[in-house]
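What follows is the residue order along each chain.
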Amino acid sequence: MNRLEAFGYIAAQAARGEMTFPTSVNAALRLQLALDNPDCHIEDAIKLVLSEPQLAARTVALANSAAYNSSDTPITNARAAVMRVGYRALQTLVAGLVVRQFGSRIVDPAIRAKAEQLWQHTAHVAALAQVLARRVTFVNPDTAMFAAIMHEVGGFYLLSRADEFPGLLEEDPEKWSELCEEVVSREVLKKLAVPEPVRTAIEGLRGAWISMPPSTLLDTLVLANQFSPVHSPLSAPPKELPSHEDSVLDFVLDGETLASILKESADEVKSMSAALLV
């Protein structure tokens, strides 16, 4: 099977809803669906977190990060951590667990390295999206972070299938991988029950223009991707941009503010590394 046939096969499978998820993804997905239930009581959420040791550890780590621990009082148990971070942050952690698990069965070292870079990119975009949402676009910061965690899910799925199709992710001048990733991303987002407004923003990312002033979830994701210090290994190298002072963005986001945002997001990635990057 050549690469074009492989892309067609994977895309056709996705379009039919026939997607192969690792067992660990299915377990995290059950957690996500339970948390999405509006009747899920806080005690049920705590039990769900305790049933998944990795999630419990990440929840405690997030609760102790600078973003959630303004009092410097350390949290030492999952129950207190869930109470501190709340449902929205918990859902983002579960989403991160789902996305991260797509790389769990990759064997090829080169593909694993791509998956690791893609996760580093995702974590930086997530931190940037949260800061940009608070300070520039004024959309819900938790929604922005959740959308950023999910925005490369199609790429993670392709990487999880690449061992089956040698050469699948080599240089791709015809950009078949982009077309396949769009189909796969749409179907994976549906299967993961990602809310429609978030899906719409993620699906609109490719080739999107920023509105002026930036004010939407899509704008937030575009800006976060643009300023991420780690780029996706599945995308073309970023184009050389004009200096910020020569950009129209300078009217709504001056150089001093941008520098402050980049520093804050870098600090956030560092402080939340135990929760996001493990």
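What counts as what
Residues numbered from 1 in each chain as written. Predicted model: local features only at pLDDT ≥ 70, side-chain atom pairs only at ≥ 80, totals over all residues. Heavy atoms only, no water. Helix = DSSP H or I, 4+ residues; strand = E, 2+ residues; numbered from the N terminus. Buried < 20%, exposed > 50% of the residue type's maximum accessible area, 1.4 Å probe, protein only. Core = buried A, V, L, I, M, F, W, Y, C linked by side-chain atoms within 4.5 Å. Contact = heavy atoms within 4.5 Å. Phe/Tyr/Trp six-rings, centres within 6.5 Å; stacked < 30°, edge-to-face > 60°. Expected span 1.5 Å × (residues − 1). Arc of directions from axis to C-beta. Polar contact = N/O pair within 3.5 Å; in protein donor to acceptor, adjacent residues only side chain to side chain.

Visitor: Residue-level account of the environment of Lys190, with values.
Guide: Mapped onto the secondary structure, Lys190 falls in helix H9 (residues 176-191). Taking relative accessible area as the criterion, Lys190 reaches 44% and is therefore assigned partly exposed. Residues Lys190 and Gly17 lie 173 residues apart in sequence; the distance between their C-alpha atoms is 9.3 Å.

Visitor: Account for the nonpolar core, naming residues and giving values.
Guide: Counting 87 residues, the largest nonpolar core has Phe21, Phe102, Met150, Val188 and Leu192 as the members making the most contacts within it. If sequence neighbours within four positions are ignored, Phe102 has contacts with Phe21, Pro22, Val25, Val153, Phe156, Tyr157, Ser160 and Val188.

Visitor: Can you lay out the environment of Glu152 for me, pointing to particular residues and giving the numbers?
Guide: Along the chain, Glu152 turns up in the loop between helix H7 (141-150) and helix H8 (153-161). Separated by 31 residues in the primary sequence, Glu152 and His121 have C-alpha atoms spaced 9.2 Å apart. With residues near it in sequence (within four places) discarded, Glu152 still touches Leu118, His121, Thr122, Glu181 and Ser232.

Visitor: Lay out the packing of aromatic side chains in plain terms, naming residues and giving numbers.
Guide: Applying the stated criterion to the full structure yields three aromatic pairs. Taking the centre distance of 6.0 Å and the plane angle of 80 degrees together, the rings of Phe102 and Tyr157 count as edge-to-face. Of this pair, Phe102 sits in the loop between helix H5 (78-101) and helix H6 (109-137) while Tyr157 sits in helix H8; the two residues are 55 residues apart in sequence, bridging distant segments of the chain. A relative accessible area of 0% means that Phe102 is categorised as buried.

Visitor: So, helix H1 (residues 3-15): which residues are in play, and what are the values?
Guide: For H1, with 13 residues, the first-to-last C-alpha span of 18 Å sits near the 18 Å given by 1.5 Å per residue. Buried within H1 are the following residues: Ala6, Phe7, Ile10, Ala11, Gln13 and Ala14. Projection of H1 onto a plane perpendicular to its axis shows the buried side chains occupying an angular sector of 160 degrees, all on one side. For H1, the secondary structure elements touched by its buried residues are H8 and H9. For H1, the N-terminal cap is Asn2; the gap from its side-chain oxygen to the backbone nitrogen of Leu4 is 3.2 Å. Following H1 by one or two positions, Gly17 has its phi on the positive side, about 80 degrees.

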